[in-house]
Amino acid sequence: MMDRVPRSWLIAAALAAAVAFPACGGETAAIALTPATEAQELLAEPPAGLTVLDVRTPEEFAEGHLAGAANIDFYGADFADQLDSLDKNQPYFVYCRSGNRSAQTMVIMRDLGFTEVYELQGGILSWFGAGLPIE
C-alpha cells in the first residue's frame, strides 16, 4: 500500500490545476506554485488584500508559521465550508508542511471560484530550508 503520493504527481496536479484555473467562469484567474525565495518577495510587497492561509493543523501552526498567517485546518470537517466563506475576489497565499495539503487546497479553491491564489512550493519545509523567518 502506498501512503505517500510521489512529489512528481503533486507537481503535475498543481500544473494541471494551473492550466484549468483560467477556464473557470470565464474570468481571468491566477494560480502559481511559488518557490520560497519568490514567496518571500511576494509577501514583502503583497498584492492589495492578500491573505496568507496556513492549512496545517492548529498544533503545527502553533509550532511556527509565516507572519500574519491565518490557520484553517485542512483536516477540519468544515474545511471546504471555511474556504467557501472567504472572499473569492481577494488574493490568497496558501501553504502547508510540504506542499501536499496546499496542492489539494488549490484544487478546492479553484473549484470554488477563487480568482488569485499562490501556493508555497514545498510548503513551510522549503521556507525553513531557505533560512527564512517564521513567527
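These lines cover the structure that appears in this document, whether it is placed above or below. Given the structure is predicted, the values throughout are model-derived calculations rather than measurements.

Conventions used here
- Residues numbered from 1 in each chain as written.
- Predicted model: local features only at pLDDT ≥ 70, side-chain atom pairs only at ≥ 80, totals over all residues.
- Heavy atoms only, no water.
- Helix = DSSP H or I, 4+ residues; strand = E, 2+ residues; numbered from the N terminus.
- Buried < 20%, exposed > 50% of the residue type's maximum accessible area, 1.4 Å probe, protein only.
- Contact = heavy atoms within 4.5 Å.
- Areas by Shrake-Rupley, 256 points an atom, 1.4 Å probe, with all protein chains shown as cover.
- Salt bridge = Lys/Arg side-chain N within 4 Å of Asp/Glu carboxyl O.
- Pairing = 2+ DSSP bridges.
- Right-handed = clockwise from strand over helix to strand, strands pointing away.
- Phe/Tyr/Trp six-rings, centres within 6.5 Å; stacked < 30°, edge-to-face > 60°.
- Polar contact = N/O pair within 3.5 Å; in protein donor to acceptor, adjacent residues only side chain to side chain.

**Description of the overall build of the chain**
- Tallying secondary structure elements over the chain gives six helices and five strands in all.
- With 135 residues in all, the chain has 39% of them scored as buried.
- Excluding contacts between residues fewer than 6 apart, the proportion of contacts in the chain whose partners are at least 24 apart in sequence is 68%.
- Within the structure as shown, the chain displays about 7100 Å² of accessible surface, and the carbon and sulfur contribution to it stands at 55%.

**A closer look at the pattern of salt bridges**
- Applying the stated criterion across every chain, the model contains four salt bridges.
- For Glu60, the salt bridge goes to Arg101, with nearest N and O atoms at 2.9 Å. Highlighted residues: Glu60 in helix H3 (residues 58-63) and Arg101 in helix H5 (residues 100-112), separated in sequence by 41 residues.
- We classify Glu60 as buried; its relative accessible area is 17%.
- With its nearest N and O atoms 2.7 Å apart, the salt bridge here joins Arg110 to Asp111.
- Judged by relative accessible area, Arg110 falls into the buried class, the value being 15%.
- Classification of Asp111 as exposed rests on a relative accessible area of 54%.

**Quick look at the pairing of strand E5 (residues 116-120)**
- In terms of burial, E5 is largely enclosed, as four of its five residues are buried.
- For strand E4 (residues 91-95) and E5, the ladder comprises four bridges, and the chain directions are parallel. Paired with Phe93 across the two strands is Tyr118, which belongs to E5.
- Taken together, E4, H5 and E5 constitute a β-α-β crossover, and its handedness is right-handed.

**Comments concerning the environment of Phe93**
- Structurally, Phe93 can be placed in strand E4.
- Separated by 43 residues in the primary sequence, Phe93 and Leu50 place their C-alpha atoms 7.1 Å from one another.
- If sequence neighbours within four positions are ignored, Phe93 has contacts with Ala39, Leu42, Leu43, Leu50, Thr51, Val52, Leu53, Leu66, Tyr118 and Leu120.

**What about the packing of aromatic side chains?**
- For the coordinates displayed, the defined rule picks out three aromatic pairs.
- Ring centres 5.3 Å apart and planes at 85 degrees place the aromatic pair Tyr92 and Phe114 in the edge-to-face group. Taken together, the positions of Tyr92 in strand E4 and Phe114 in the loop between H5 and E5 put the pair 22 residues apart, joining distant regions of the chain. Of the two residues examined, Tyr92 and Phe114, each falls in the buried class.

**What about the side chain of Arg110?**
- Here Arg110 is to be found in helix H5.
- At 2.7 Å, the side chain of Arg110 and the side chain of Asp111 are in polar contact.

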